[in-house]
Structure formats: structure tokens, C-alpha cells
Amino acid sequence: MRHTNFITGVTTPDWAPVTRRLGFDALFQDFADGAAARDVARRPIFDETAELKRRGFAALRLNGTTLPELFALARDLATADPNIAHVFRNHFFAVEHHLKTENHGFSRHVLDLARANRMFGVAFSEQTTSAAGGRSQIPAAVLEPDGDGYRVSGTKIYSTGNIYADHLFASAIDPHGAVRQFFIPTTAPGVVLEDDWDGFGQRLTGSGRTVFDRVAIRPEDLFDLPAADPDAPYLYHYTFHQIYLTTVISGIVNRVLLDALNLVRGRSRNFYHALAERPADEPELQAVIGRIAGYRAAILAVTDRAVQALDLAWQKAATPDAQRLSVAASIAAAEAKVVVDETAAQLASLLIDVSSGSGVSASRALDRHWRNIKVIAAHNPRIYKERIIGDHYLNGALPPTGAFF
């Protein structure tokens, strides 16, 4: 995925057809040009996300963009700056989720907001003793009666993208012990979005805390979607999240190859004991570039395979094949993750090998690729996936039904 201007010697992304068709290519290139400087200065991406919303990015799936095209756009955006791509993950999942119940009143409301280019965040994760990702977690946030409505107080963690969002989906427990979900603007009094994320990667995603300090919740802010048929087969809706994250990493790998090409071409001298005077003619450097390019091709292929499996599963969600295809998509997503998470980090390390001393400048921020890959991968560690894939192939075991599949 590259285009080389052999006059300037600079290699830039060859954006996906959908990116060019929708006119995002120049904007993504602007994002790419400023990505290193933003990372070094730790400058939040408010302007970038606002411009994307202004151009209808939040409403892509409501305006004829297919699911594979959405993932192609996400990859291109991650090639430019994975922070920007990542903050839209929860938004796009919310849109997909409510498209499945678009005739329900609340879903219509959510989708109308998306059409108006409003962006959604989520506030569900908490620091509790419950196992991460389980389907029956009890939130610690509490709804207290207040007139006809409630007041909610509590602290949520891992709030990726919420500082850029316009509305939040969140959860709390009511006085009767029932888990309730609510939907409110991020500007509601008492909502505090803290950019206190201290991870060494994805520094600009605002993945810190969301604090509710006696936030007023009206009865109409509470919502319930139609209950699932208890006799229907389980479908793995959260597969979207896993493939989206893997797609973001694949975009970083695109950037690794581009940076490697530009670094080698930009080096004017080689080591005295090298085999070629010009670094671009050095066999060892050519071999490393070839390795990065080859593994990048495999990463894109295995990720696209998972995207196609998810697209097919969602198209057939109302057919007798629904569960089989949903399981296949979940397994394909897990297989992609196992391959991509490990290989991508190795390629990011190889970038430093080809750069020599010219690549370790803090202003270039080339280390951000490895840091971002490892932090994104840590959302759902691959070491828990390998056993489940093996059990599936050996014994026909189904993947777990929680949030990470």
C-alpha cells in the first residue's frame, strides 16, 4: 500500500478506493503528516475528530458504506494516525448494534444522532473484582432516586474516545439491584471526562476515567432494547470490536513499511563495512524491507479474511446458518489476532534496524508504532486466544460468549 514519487523519493500511502471515493485521502494525509508531532507533544486530537465528524465520518454506515469498506477506511485512518482511528471504535459498534434494531424507538433516536454526525462513547468498565469481559457484570455505579428520575454516581475506566464523544452509553445499578443502561450527553452537568490515561501507547485516545458526580438521569435517559430470544443461538456481536482493533494494528503496519522505505531512501551514507555505498543498494537492508513487506501482506490478508467472515455472518444473521457463520467469524478474528499481534510488533522493531542512528530521534517518534501496537493488542491478550482456537479445532468447542469474542 504505497505510492512513490521518484522525483522526491517520498513514499506515501496508496489509499483504498473507498477513501479516495469519499474524499478522505487528502485529509488522512494531513493527519499522517502531523502524527509524530502530535505524539511527541501529546496534543489531543480534538480538531481531527471534529473535522471527521463535520465531513460525515460518524454516519458512514448510514450513507451506503459497506462493512468491508468501513474497515478499509479504518485501516487507512490508522495508517495516518491510529489514535484517531481507535477513538471511533465504540461509536461504530454502537451504530452497528442499533442498526440491528433500527425500528425500535431508542435505536431510531441513536441512529438519527449518528446521521447528524454525533459521536458516541461508552462507560461500562469499572475497577471491580468481577472477571473482565463477563456477560453478567454488576456495576458499582449507583442510581439514586431523585424526584421522577435518578442521580448517578460512579467512576468508569478505560474510556477510550470519550473526551471526543458527544453522547455516552453507560450502566449503573438501580435501588432494586437491577442493572440499568442510560444514554446522556457528555456535556451533562456532573459528567467529568478525565484524560488521565498513562499507557505508553495510544497516548491521544483519552482512555482515562469517566466520572459521574450525581448526574441527573431522567426516565427517558434510561433505555432497554428488545430482549433476545432465550432459545435463539448465541451470536458473537463483539467480534466487531476485535476485528476493528486488529484492523487498526494492520494500519500501523502499513505505516511501518512506509517509514522503512523513506528512512532507507533518505540515508545518504552507509557503514564502512557495508557491501554497498548507498543504503538503498545494501543487500541486508533490502532483505529487511522485503521481510517487512512480506509479513505486512500476510497481516492484511488474514485481517481481511476476518472482515469478510464477519460481513457474511451479519448478512446471514436471520438464517439457519447464523450461528455457524458467527462462530466462524469469531474464530477468524481470533486467528487474525494471534498472527497480527505478534508479527506486527516484530515489524515495528525491524523499522529501527533499517533506520540506523537516523531513526532514533525523539522527534520522529518511530517508537510510537511498537508502543501503539502493544497497547492495542493488550485490550484482549492473544495468549488467551490460542488455547481457545486449538480447543475449537480439536474438540469443536465454541468460543466464550463474553465481550472479547
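In this text, all values refer to a predicted model and were calculated from it rather than measured experimentally.

1. Description of the overall build of the chain
Then comes step 1: If you tally the helices and strands in the chain, you get twelve helices and ten strands.
Then comes step 2: For 405 residues, the compact-globule estimate of 2.2 N^0.38 gives 22 Å, and the C-alpha radius of gyration of the chain, at 22 Å, lies within 12% of that figure.
Then comes step 3: Referenced to the eigenvectors of the C-alpha coordinate spread, the extents of the chain come out at roughly 80 × 50 × 40 Å.
Then comes step 4: In the chain, which comprises 405 residues, the proportion classed as buried is 52%.
Then comes step 5: Accessible area for the chain stands at about 18,400 Å²; split by element, carbon and sulfur atoms hold 53% of it.
Then comes step 6: For the chain, the separation between the mean place of its 42 positive charges and that of its 45 negative charges on side chains is 3 Å.

2. Quick look at helix α3 (residues 46-54)
Note: α-helices contain 3.6 residues per turn, so residues at a spacing of three or four share the same orientation.
Then comes step 1: For α3, the complete set of buried residues consists of E48, T49, E51, L52 and K53.
Then comes step 2: G56 lies just past α3 and shows a positive phi near 85°.

3. Looking at the side chain of R368
Then comes step 1: Locating R368 in the fold gives a position in helix α11 (residues 367-377).
Then comes step 2: Despite being buried, R368 has no salt bridge partner; D259 is the closest side chain of opposite charge, sitting 4.6 Å away.
Then comes step 3: Other than its neighbours up to four places away in sequence, R368 contacts A35, A36, D39 and R255.

4. Notes on the pairing of strand β6 (residues 167-173)
Then comes step 1: Judged by how many residues are buried, β6 sits mostly within the fold: seven of seven residues are covered.
Then comes step 2: In β6, alternate side chains face the same way, and those of H167, F169, S171 and I173 on one face and L168, A170 and A172 on the other are all buried.
Then comes step 3: Taken together, the four bridges between strand β3 (residues 120-123) and β6 define a ladder with parallel strand orientation. Following the sheet pairing, V122 is matched in β6 by F169.
Then comes step 4: Relative to strand β7 (residues 179-185), β6 runs antiparallel, the two sharing seven bridges. Across the sheet, the residue bridging to A172 is R180, located in β7.
Then comes step 5: Connecting β6 to the antiparallel partner β7 that follows it, the hairpin turn spans five residues, and G177 within it adopts a positive phi of roughly 85°.

5. Quick word on the environment of A59
Then comes step 1: You can see A59 is positioned in the loop between α3 and α4 (67-80).
Then comes step 2: Through-space distance from the C-alpha of A59 to that of M119 is 9.0 Å; in sequence the pair is 60 residues apart.
Then comes step 3: Apart from the residues lying within four places of it in its own chain, the contact partners of A59 are A114, R115 and N117.

Analysis parameters
Per chain, residue numbering runs from 1 following the sequence as it is written. Totals for whole chains, interfaces and linings use every residue, but because this is a predicted model, local features are given only for residues with pLDDT of at least 70 and side-chain atom pairs only at 80 or more, for both listing and counting. As a rule here, side-chain values cover all heavy atoms of the structure and leave hydrogens and water aside. In this description a helix means any DSSP run of H or I spanning at least four residues, a strand means any run of E spanning at least two, and both kinds are numbered starting from the N terminus. Here the radius of gyration uses the C-alpha set of atoms, whereas the globule reference equals 2.2 Å times the residue count to the power 0.38. Remark: exposure states derive from per-residue accessible area (1.4 Å probe, protein chains only) relative to the maximum for the residue type, with buried under 20%, exposed over 50%, and partly exposed in between. Every accessible area reported is derived by Shrake-Rupley at a probe size of 1.4 Å, with residue values counting cover from the shown protein chains alone. By the counting rule applied here, Lys and Arg register as positive and Asp and Glu as negative, while His and the ends of each chain are not counted. A charge is said to be at NZ when it belongs to Lys, at CZ for Arg, at CG for Asp and at CD for Glu. Definition used for salt bridges: Asp or Glu carboxyl oxygen within 4 Å of a side-chain nitrogen of Lys or Arg. The criterion used for residue contact is that any of the two residues' heavy atoms lie within 4.5 Å. Pairing between strands is defined by DSSP: at least two bridges between them are needed.

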